[in-house]
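# Tertiary structure, described
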Amino acid sequence: MKKGFLFLCTLLCSVAMSAQLVSSHSASLTEKKKAPSRTTWMIRLGVGSNTFAGDKVWEDASSHVGYFFGFEFNKAIRSKGAYWGMDFDLASRGYKFSNEDYDSETKLMAHTFQWSPFIFGWKIAVPNSKFSVDPHIGAYIAVDYAGKFTSKYDGKSGDDVKIGDYEDYNRFDAGLKVGVGVWYNNKYNADFTYQRGFFTHHEDVDGGTSNFWFRLGYAF
């Protein structure tokens, strides 16, 4: 009887310990599942000014309205707010060049696919709020997949020329972009970014992409 009682106590203790281990393991798995992701995915929509910057003739160049649509991810570096990322964008580039003496105007509107393989930034939390400030810098490469030149002379519209029909047109570009944004609750974002290209669209023109964007973002 005594041995049976000791055996029963031992069995109950073993079952209780096993249950505790299973419960602890389940709680550990639950905590891991609830851990926040270190990668942030987002979409961005924006508008801005498109022009070219350089040393020759561009004192008379002006900008025109451009567009931006992008898909981006940021991956946290440790836990202090630093991150690296990458984006894939559809955007515009170009310029408008006017000559008042001849009442003429030439405008380039090119549609571009851009890829930024390296973006580095730092989300700096604003104390006692849900806001954070996000300075960032990156490099990009791009290619114009469509676009055209439009012209006017003496107030009359000239012929449109597609970039594919423009002799020696350079579709490729690469450069840097730098900006600063504001995040709310790590989900909603407003951002100002300047983009500067190193290549021009033609060897006879000295000037590269110079875009300034205002973008709105949403992280999901």
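Residues numbered from 1 in each chain as written. Predicted model: local features only at pLDDT ≥ 70, side-chain atom pairs only at ≥ 80, totals over all residues. Heavy atoms only, no water.

## A closer look at the packing of aromatic side chains
In the structure shown here, the tally under the stated rule is 13 aromatic pairs. Geometrically, the ring pair formed by W41 and F73 is tilted, given 5.2 Å between the ring centres and 45 degrees between the ring planes. With a gap of 32 residues between them, W41 in strand 1 (residues 39-53) and F73 in strand 3 (residues 64-76) connect regions that are remote in the sequence. Accessibility expressed as a relative area gives 38% for W41, which makes it partly exposed. For the ring pair F192 and F214, a centre distance of 5.1 Å and an interplane angle of 45 degrees mean the geometry is tilted. Pair noted here: F192 is in strand 11 (residues 188-197) and F214 is in strand 12 (residues 208-219), with a separation of 22 residues, a long-range link. Among the aromatic side chains, those forming a connected cluster through ring pairs are W41, F71, F73, W84 and F220. (Phe/Tyr/Trp six-rings, centres within 6.5 Å; stacked < 30°, edge-to-face > 60°. Helix = DSSP H or I, 4+ residues; strand = E, 2+ residues; numbered from the N terminus. Buried < 20%, exposed > 50% of the residue type's maximum accessible area, 1.4 Å probe, protein only.)

## What about the confidence of the model for the chain?
Across the chain, the average pLDDT comes to 84, with 80% of residues at or above 70. Least confident of the elements in the chain is helix 1 (residues 2-34), whose mean pLDDT is 44; most confident is strand 10 (residues 172-184), at 98. Every residue in residues 1-13 is under pLDDT 50, and counting partners more than four places away or in other chains gives 0 contacts. Confidence over residues 15-32 falls short of pLDDT 50; this stretch has 0 contacts with residues more than four positions distant or in other chains. (pLDDT = per-residue confidence, 0-100. Contact = heavy atoms within 4.5 Å.)

## A short note on the side chain of N211
Tracing the chain through its elements places N211 in strand 12. When its relative accessible area of 0% is taken as the criterion, N211 is described as buried. Not counting chain neighbours up to four residues away, the residues in contact with N211 comprise S49, N50, T51, S92, R93, T193, Y194 and Q195.

## Focus on a negative patch on the surface
A grouping of E100, D101, D103 and D154 is seen on the molecular surface, where their side chains present a negatively charged patch. Among the structural elements, D103 can be located in the loop between strand 4 (82-99) and strand 5 (104-122). (Patch = residues over 30% accessible without salt bridge, like charges linked within 9 Å, V, L, I, M, F, W, Y side chains within 5 Å. Areas by Shrake-Rupley, 256 points an atom, 1.4 Å probe, with all protein chains shown as cover. Salt bridge = Lys/Arg side-chain N within 4 Å of Asp/Glu carboxyl O. Lys, Arg positive; Asp, Glu negative; His and termini not counted. Charge placed at Lys NZ, Arg CZ, Asp CG, Glu CD.)

## Details of the layout of surface pockets
Empty space within the largest pocket amounts to approximately 390 Å³. Taken together, 21 residues make up the lining of the largest pocket; nearest its centre are T40, A76, G81, K123 and N186. Secondary-structure elements contributing two or more residues to the lining of the largest pocket are strand 1, strand 3, strand 4 and strand 7 (131-153). For the lining of the largest pocket, the element with the highest residue contribution is strand 3, accounting for 3 residues. (1 Å grid on protein atoms, 1.4 Å probe; cavity = no way out; pocket = protein on both sides within 12 Å on 5 of 7 lines; lining within 4 Å. Points joined across faces, edges and corners; volume = space filled by probe spheres on them.)

## What about the pattern of salt bridges?
Counted by the stated rule, this structure contains 7 salt bridges. Among the salt bridges present, the one from R93 reaches D144, with a minimum N-O distance of 2.9 Å. Here R93 is found in strand 4, whereas its partner D144 is found in strand 7, with 51 residues between them in sequence. D144 carries the same exposure label as R93, and that label is buried. K148 serves as the salt-bridge partner of D160, at 3.5 Å between the closest nitrogen and oxygen. Taken together, the positions of D160 in the loop between strand 8 (156-157) and strand 9 (161-162) and K148 in strand 7 put the pair 12 residues apart, joining distant regions of the chain. The exposure class of D160 is partly exposed, given its relative accessible area of 46%. By relative accessible area, which is 39% here, K148 ends up partly exposed. In the salt-bridge network here, residues are joined through shared partners; they are D87, D89 and K177.

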